[in-house]
Amino acid sequence: MKKEKLDLTSPDLQKFIFYLSNGQTAMITCSNKENTERGIISVSWITPTSFDPFLMSIVMAKGTKGSPTYRYSYALINETGEFGINIPSKELKHAVLKVGTKHGDEVDKFVDAGLTPFYGGGITPPLIEECFLNIECKVLQEFDTGDHAVIVGKPVAVLYDVGVFAEGSFQQKYTDKNNQIHFIDILPNMV
Ligand SMILES: Cc1cc2nc3c(=O)[nH]c(=O)nc-3n(C[C@H](O)[C@H](O)[C@H](O)COP(=O)(O)O)c2cc1C
């Protein structure tokens, strides 16, 4: 799918920030510095945390290998200080479940979940082609919140599939809650 790039100085940015405020589950992409190791993690704890500057925060567990709070992705994000936010629509529900129940140091999740990497140019980690909205972020700050950390990222680029956002609004398909993935939709498959 051909992607368009949002002008981060345009007034449309506020509409994207509002759009990202509805609790949709994201797939976060990450890599090591050499980009020889790459990871994807499903994250439902994600929100904008500032309009100006535009900031996005994700909450990620940071336990050690073998513990339920182990996240391989956390180590990769720490290494590069970069991550991608990728917003999937409903047809990627099974990919979100796969990505959110396996560890990236045991399986290449792009292959396992049938997702295609592409590069936006602003960060080292890849983004996910099949996701209709992709945001490249650089880590600005991190806050320890117990067994998780809030990672605050500064978006350097916002990309979206052609047609998703046009003439100042999101297409109805993308504002329809039935086409979005929320944690509650995945929960029955997890317990
Ligand atoms: C729908 C869904 C949402 C999730 N949300 C989060 C989250 O917000 N933060 C987090 O640390 N883990 C979350 N997880 C768990 C991780 O995605 C999961 O532990 C993953 O296997 C970690 O992969 P990694 O070890 O390759 O980093 C979620 C899982 C699912 C299925």
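Residues numbered from 1 in each chain as written. Predicted model: local features only at pLDDT ≥ 70, side-chain atom pairs only at ≥ 80, totals over all residues.

A. Quick peek at the overall build of the protein. Scanning the protein from N- to C-terminus turns up six helices and 12 strands. Computed over C-alpha atoms, the radius of gyration of the protein comes to 15 Å, within 12% of the 16 Å expected from 2.2 N^0.38 for 191 residues, which places it in the range of a compact globule. The principal-axis extent of the C-alpha atoms belonging to the protein is close to 50 × 35 × 30 Å. (Helix = DSSP H or I, 4+ residues; strand = E, 2+ residues; numbered from the N terminus. Rg over C-alpha atoms; globule rule 2.2 N^0.38 Å.)

B. Geometry of the site of the ligand. Every one of the 24 residues lining the ligand counts as a neighbour, but W45, Y72, S73, G100 and G104 are closest to it. Secondary-structure elements contributing two or more residues to the shell around the ligand are β3 (38-43), β5 (55-61), α2 (72-80), α3 (93-99) and α6 (183-190). In terms of residues, the shell around the ligand owes the most to one element, β3, which gives four residues. Residue composition of the shell around the ligand, by class: 13 nonpolar, nine polar and two charged. (Near = placed C-beta within 6 Å. Nonpolar A, V, L, I, M, F, W, Y, C, P; charged D, E, K, R; others polar.)

C. Quick peek at α2. Restricting attention to buried positions, one finds in α2 the residues S73, Y74, L76 and I77. For α2, the arc enclosing every buried residue in end-on projection is 165°, short of the 170-degree limit, so these residues lie on one face. Looking at the buried positions of α2, the neighbouring elements they touch are β2 (26-31), β3, β5, β6 (82-87), β9 (133-144) and β10 (148-161). Looking at the residues trailing α2, positive phi occurs at G81, about 70°. (Buried ≥ 20, exposed ≤ 12 C-beta atoms within 10 Å, placed from the backbone. Arc of directions from axis to C-beta. Contact = placed C-beta atoms within 7 Å.)

D. Broad picture of unusual backbone geometry. Going from D52 to P53, the amide bond is cis rather than trans, its omega being 5°. Although it is not a glycine, N35 sits at a positive phi angle of roughly 60°.

E. How the structure looks around the environment of V156. Mapped onto the elements of the fold, V156 is located in strand β10. Expressed as a C-alpha distance, the spacing of V156 and T175, which sit 19 residues apart in the sequence, is 24 Å. Once residues lying within four places of it in the same chain are set aside, the contact partners of V156 are G122, I123, E136, C137 and K138.

F. Local environment of the pairing of β3. β3 sits mainly inside the fold: five of its six residues count as buried. When β2 meets β3, the two strands line up antiparallel, connected through six bridges. Paired with A26 across the bridge in β3 is V43. Here β2 folds back onto β3 in antiparallel fashion, the turn holding six residues, of which N35 has a positive phi close to 60°. (Pairing = 2+ DSSP bridges.)

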